[in-house]
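Chain by chain, the residues run as shown.
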Amino acid sequence: MFEDLKNYTEEMVSFRRSFHKYPETGWTEFRTTAIIAERLNELGYEVLLGKAIINPDFVMGRSKTEVEAAQCKAVELGISKEAIDACQGYTGCAAILETGRPGPVTALRFDIDALYVTETENVDHIPNKEGFRSEFQGKMHACGHDCHAATGLAMAHWLKVHEAELNGTVKLLFQPAEEGTRGALAMTESGILDDVNYLVGAHIACTPRLGQVFISEPGYNATIKFDVHLEGRAAHSVANPQDGRNALMAAAHALVLCGSMPKHGDGLTSISCGKLTAGEMRNVIPVKAKMEMEVRGASNELCQYAFSEAERSVKFACAAFDVTYRIEKVGQAYTMNPSPELADLLEVCACETVGEKGVGRYSEKGGSEDFTVMMDRVQKLGGKAAHFYYGADSTCNHRSDFDPDDVRSMPIGFEVLVRVLTRLNGEKDC
């Protein structure tokens, strides 16, 4: 089953570079989704789109204006209106392979969104040299999700070629809006994972170097991303300030209170505001303010503690200034707790792929990843979930010069996934 793995490299690279050239940020990946769905249909899959895999009640951080603009741009780039309409306003898709033979339900997750990063103009940057740099100013696949999407399509092809040698069911999940931890919850709440026995995720990264595979250990911070919308009342800043209600001052005081939040003795907690916008003009008491914030915690419980403290700070500050407020969650992720048995199997498959010296264990302590939301659902329903990284000789993710060697790195992640699926869903007599 492994003799033909090199046959998929060229198509992986081709799809990856196409996605890289036209990067689409979370909830706007209409061109990307349409291309993925078209290829899956060509291969003969049952393809699910729109509200079949996205529960609108749990969508976070989605801009209707950006969505509409992205739909128009996708049409300009040759995507049919029918393909756009099939998405029902929501990006991402899923492919389901039913072998017709008894066996487990295994799901693989591939995120597909890009970042608000301007790609470097360095002439040595491979996309610049090879002619597939981002065509969208201020947007770039700087985290490797273009590689993930392309690997998912290679997996879809391989599965169809080897379908007769497999059993059970395989689900390929192409998830939108991972950046900002916005997309996994809405996909999870569609129910697409509720019958899954095994769930595997992977990420191309710079911590393992090219030729290395690191199996994820418990880690990642739980996080909640949220916006606070404050509204006061206008008044002249000198003539009648007593009639105003100052949303800017309420926001500022809320941030001071948040900064004074007591840490928790059980582990890391943090709260930050990355952006505060407020006011209308210099001589008017500010009517509106908006804080773009996040909290993180070393556990789900610690994250909730930090969020509750932030809520309390906002409530008290707004009460003091007689200002109303609304808190809007725009992203969420949990801590990662891989299932030991499945993580051990990933390690075995990684060793078969790159050799024991290239395999390690790794715990990401600093960041957050919304794949954890999917893991949590599968595990709570009795299934197992795990995650791994595969290396790329590049600068760190989220940089303008992130430049994974797609020709050599993607085949490694691809092979590990193939070997895992063969172990989980392979025919017993193969």
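This structure is a prediction, so every number in the text was calculated from the model and none was measured.

Draft legend 1. Quick peek at the overall build of the protein chain. The secondary structure content of the protein chain amounts to 12 helices and 12 strands. The globule rule puts the C-alpha radius of gyration for 430 residues at 22 Å, and the 23 Å found for the protein chain is close to it. C-alpha extents for the protein chain along the principal axes are approximately 85 × 50 × 40 Å. Across the protein chain, contacts joining residues at least 24 apart in sequence account for 84% of those joining residues at least 6 apart. Taken as a whole, the protein chain presents about 17,700 Å² of accessible surface, with 49% of it coming from carbon and sulfur. Mean positive and mean negative side-chain charge positions of the protein chain (44 and 61 charges, respectively) differ by 4 Å.

Draft legend 2. Looking closely at helix 6 (residues 145-161). Here helix 6 is 17 residues long and its end C-alpha atoms lie 25 Å apart, about the 24 Å a rise of 1.5 Å per residue gives. Burial analysis of helix 6 places 14 of its 17 residues in the buried class, which makes it a mostly covered element.

Draft legend 3. Geometry of the sheet that holds strand 9 (residues 288-297). Spatial strand order, 8-9-7-10: 4 strands in an open sheet with antiparallel pairing. Bordering the open sheet on either side are strand 8 (269-278) and strand 10 (324-333), each of which pairs with just one other strand. Between one strand axis and the next, the sheet turns by 20 degrees as a mean value, whatever way the strands run. Judged from the 10 bridges that link them, strand 7 (residues 222-231) and strand 9 form a sheet pairing that is antiparallel.

Draft legend 4. Expanded view of the packing of aromatic side chains. Scanning all chains against the criterion turns up 9 aromatic pairs. When the ring of tyrosine 8 is compared with that of phenylalanine 414, the centres are 5.4 Å apart and the planes differ by 50 degrees; the resulting orientation is tilted. With tyrosine 8 in the segment before helix 1 (9-21) and phenylalanine 414 in helix 12 (residues 406-425), this residue pair connects regions lying 406 residues apart in the sequence. Judged by its relative accessible area of 3%, tyrosine 8 falls in the buried class. Measuring from centroid to centroid gives 6.2 Å for phenylalanine 15 and phenylalanine 19, while their planes differ by 25 degrees, and the two rings are stacked. Here phenylalanine 15 pairs with phenylalanine 19, and both are found in helix 1, just 4 residues apart, close to one helical turn. Note on phenylalanine 15: relative accessible area 18%, which makes it buried. Exposure remark for phenylalanine 19: the relative accessible area of 1% places this residue in the buried category. Among the aromatic residues, those joined into a ring-pair cluster are Phe214, Tyr362 and Tyr389.

Draft legend 5. Region of the structure containing the sheet that holds strand 5 (residues 198-205). Spatially, 8 strands are ordered 1-2-4-3-5-12-6-11 in an open sheet, and the strand pairing comes out mixed. Every interior strand has two partners, whereas the edge strands, strand 1 (46-49) and strand 11 (359-362), have only one. Between one strand and the next, the sheet's axes are offset by a mean angle of 25 degrees, whatever the strand orientation. Each of strand 3 (105-111), strand 4 (169-175), strand 5, strand 6 (213-216) and strand 12 (384-391) is contacted by helix 12, which is oriented at about 155 degrees to strand 12, the strand it contacts most.

Parameters at a glance
- Residues numbered from 1 in each chain as written.
- Predicted model: local features only at pLDDT ≥ 70, side-chain atom pairs only at ≥ 80, totals over all residues.
- Heavy atoms only, no water.
- Helix = DSSP H or I, 4+ residues; strand = E, 2+ residues; numbered from the N terminus.
- Rg over C-alpha atoms; globule rule 2.2 N^0.38 Å.
- Contact = heavy atoms within 4.5 Å.
- Areas by Shrake-Rupley, 256 points an atom, 1.4 Å probe, with all protein chains shown as cover.
- Lys, Arg positive; Asp, Glu negative; His and termini not counted.
- Charge placed at Lys NZ, Arg CZ, Asp CG, Glu CD.
- Expected span 1.5 Å × (residues − 1).
- Buried < 20%, exposed > 50% of the residue type's maximum accessible area, 1.4 Å probe, protein only.
- Pairing = 2+ DSSP bridges.
- Axes fitted to C-alpha atoms, helices over the stretch in contact; angles between N-to-C directions.
- Phe/Tyr/Trp six-rings, centres within 6.5 Å; stacked < 30°, edge-to-face > 60°.

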